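Descriptive structure summary
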Amino acid sequence: MAPSKFVKSRELASDGDEYSSYMACGRPYFPNLDIESDDDNSICRASLITAVHSIYIAARTNAKNVDLGGSSAMDDEIDIRSMTKSVDWGVASTGMLPKLTCSRVTGGLTNELYRVTGFVGLKQEFSRLLAPLLPDDGPKVASLVDFDSVLVRKLGAEGMIDRDAETSTYAHLCNADVAYRYLGRFKNGRVEGWLDGFMTLKCEDLDESTSLEIAKEMAKLHCSFDLPPGELRDHYFGVDPDTISVGLWEQLKDWTTQARSHVEFKTPRDTRRAKALKLDEIECEVERYIDMFSSKSKEEQKEGVVFCHNDLLPANIMKHSDSNEIQLIDFEYGGTNYSAFDIANHFNEYAGGVGEGENGNTDYSRFPSLERQQSFCVEYIKTARESRPDYVSGRSLHEEAADLLKMVEVFVMINHLYWGTWAVNQAAEEGCDGEFDYLNYAENRFKEFRSKKT
């Protein structure tokens, strides 16, 4: 799961051919293939090309599902470039592409999301296209087309997220059955599996029973998922085994510096609004928290550091309509962090602000009560203990949950600074006159921080 695989692929694909294909993280990568916003043809085409390669890889590895069996070792074992050259893409475009349909998916703030449907009806076409290129003793191609829809993600937040590391992480999360399917990546996006029967949550869906199920899934992520030794783990945890690199502080410092550096925004009004946020004061608060944590001993700094989601708002949590199963999605801000930050972030998201139609307006009267917070932390600790056989604690369940909640209260404040500075940078990049008023959101996050601080 090496991010450098993507870098090397881009270097090799300098010819500009959009069909240039390479293996990265056990999936196909097309450095020159991109999509246009709301251009159904380009979106369907990218999903089809990716699906063809993904199914070919699955057949070559005798995997039962296209999302299983992916690993860095496969990157060197399977040369998909020869397969790419052997496929008649003209036939694929005329015979298969018209049978796919595309629709915009609401809820994406950082990224644009699209659903492409119709793959089950193309089983025979996939077989005719790929069977001649595969060994006779492998699985039937048609059996690998076990999905009718895929999710196409056009990636945003350019420059704010390391997409090579993020996509490598997503591939590993899929291999560990934490995240859902990852079929492949192209120049400005990627193709993922579509979760049938699941619906994204809204703030009003966060009742007590759902909250406790979320606590369980968060604990499983924190305690059961681990990155294997290698380049990706070093990226998150650092090379020095005695020091764990927590991405939060570097990210927060970078975003704050970046936010302060913007002299002009997209409109004069936005420039005035950004100035009114008093970002110099925010920068001082960020430095204060960084100093507070950096003054701790190395052992104290490492306590509670795990792989976190870092963005568990309701829209990034899905629930099955029949089984009530919870599935976490959209790990693009994931990385090493304090478990208490992940919980604090989730609590802050009860106030909303980034949901459809909210346009940055938050309502902190919906912040979970102390009793709800305590119940969440108890359920979290209980699941954490069950998830790790080597879990050792000399304290009772409720004592440990109480200590966790104390840390969560600290990170609730830090979390306001984190997403407030993020919103300022998004405002500078994208403006506030489109689908979302980033500066309104930043103002509300900083306003809540200042009110709680006093």
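Residues numbered from 1 in each chain as written. Predicted model: local features only at pLDDT ≥ 70, side-chain atom pairs only at ≥ 80, totals over all residues. Heavy atoms only, no water.

1. Re the packing of aromatic side chains
For any pair of aromatic rings, geometry is given as the distance between the ring centres together with the angle between the planes. What counts is decided by this rule: The pairing test for Phe, Tyr and Trp rings, Trp by its six-membered ring, is centres within 6.5 Å, and the orientation test on the planes gives stacked under 30 degrees, edge-to-face over 60, and tilted for anything in between. Each helix is a run of DSSP H or I of at least 4 residues and each strand a run of E of at least 2, with the numbering of both proceeding from the N terminus. Relative accessibility decides the category of a residue: with a 1.4 Å probe and only protein chains considered, values under 20% of the type maximum give buried, values over 50% give exposed, and everything between is partly exposed.
Scanning the entire structure with this criterion turns up 25 aromatic pairs. For the ring pair tryptophan 255 and tyrosine 418, a centre distance of 4.8 Å and an interplane angle of 45° mean the geometry is tilted. Of the two residues, tryptophan 255 is situated in helix α11 (residues 247–261) and tyrosine 418 in helix α17 (residues 397–430); the sequence distance between them amounts to 163 residues. Each of the two residues, tryptophan 255 as well as tyrosine 418, counts as buried.

2. A look at the confidence of the model for the protein chain
To be explicit about the condition: One confidence number per residue, pLDDT, is output by the predictor and ranges from 0 to 100. Whether two residues are in contact is decided by their heavy atoms, any of which lying within 4.5 Å being enough.
When the pLDDT values of the protein chain are averaged, the result is 90; 94% of them are 70 or greater. Within the model, the stretch residues 63–73 combines pLDDT values under 50 with 31 contacts to residues more than four positions away or in other chains.

3. Quick notes on the sheet that holds strand β4 (residues 112–117)
Which entries qualify depends on this criterion: Note: two strands are recorded as paired if DSSP finds a minimum of 2 bridges between them. The axes used here are C-alpha line fits, helices contributing only the stretch in contact, and every angle between their N-to-C directions lies in the interval 0 to 180 degrees.
Read across the open sheet, the seven strands follow the order β1-β2-β6-β7-β5-β4-β3; overall the sheet is mixed. Each having just a single partner strand, β1 (22–24) and β3 (101–105) make up the two edges of the open sheet. Averaged over neighbouring strand pairs, the angle between their axes works out to 30° when direction is ignored. Of the strand pairs in this sheet, β4 and strand β5 (residues 149–154) are connected by six bridges, and their pairing is antiparallel. When the sheet's bridge partners are listed, glutamate 112 is paired in β5 with lysine 154. Helix-sheet contacts for helix α1 (residues 4–12) involve β1, β2 (27–30) and β6 (182–186), and the interaxial angle to β1 is about 165°. Sheet strands in contact with helix α2 (residues 40–60) are β1, β2, β3, β4, β5, β6 and β7 (189–193), and its direction is about 140° off that of β2.

4. What about α11?
For the record, the criterion: Expected span, for any helix, means 1.5 Å times one less than how many residues it has. Arc definition: it is the arc formed by the directions from the helix axis to the C-beta atoms.
Its 15 residues place the ends of α11 21 Å apart at the C-alpha level, agreeing with the 21 Å of an ideal helix rising 1.5 Å per residue. Among the residues of α11, those classed as buried are Leu248, Trp249, Leu252, Trp255, Thr256 and Ala259. The arc that holds the buried residues of α11, viewed along the axis, is 140°, so those residues lie on one side. Relative to its buried face, α11 has exposed residues pointing more than 90 degrees away, namely Glu250 and Lys253. Elements in contact with the buried residues of α11: α13 (279–294), β12 (335–338), α15 (339–348) and α17.

5. Quick word on the environment of aspartate 177
For aspartate 177, the location among the structural elements is in the loop between α8 (163–175) and β6. Counting along the chain gives 48 residues from aspartate 177 to phenylalanine 225, while the straight-line C-alpha distance between them is 9.4 Å.

6. Re α8
Operational definition: For this analysis, a polar contact is any N or O atom pair within 3.5 Å, provided that within protein one partner can donate a hydrogen and the other can accept it, and provided that sequence-adjacent residues contribute only side-chain to side-chain pairs.
Here α8 is 13 residues long and its end C-alpha atoms lie 18 Å apart, about the 18 Å a rise of 1.5 Å per residue gives. Most of α8 is tucked away: 12 of the 13 residues are buried. Buried within α8 we find Arg163, Asp164, Ala165, Glu166, Thr167, Ser168, Thr169, Tyr170, Ala171, His172, Leu173 and Cys174. Capping the start of α8 is the job of one residue whose side-chain oxygen sits 3.1 Å from the backbone nitrogen of aspartate 164: aspartate 162. One or two residues past the end of α8 sits aspartate 177, with phi positive at roughly 60°.

7. Concerning the nonpolar core
Inclusion rule: Here, nonpolar core refers to any group of buried Ala, Val, Leu, Ile, Met, Phe, Trp, Tyr and Cys residues whose side-chain atoms link them within 4.5 Å.
Residues Leu248, Trp249, Tyr338, Val408, Phe411 and Trp422 are the most contacted members of the largest nonpolar core, which totals 89 residues. With 16 residues, α17 is the largest single contributor of residues to this core. Setting aside residues up to four positions removed in sequence, leucine 248 forms contacts with Thr336, Asn337, Tyr338, Phe341, Phe411, Ile414 and Tyr418. Within the second largest apolar cluster, 44 residues are counted, among which are Leu48, Leu129, Leu134 and Val152.

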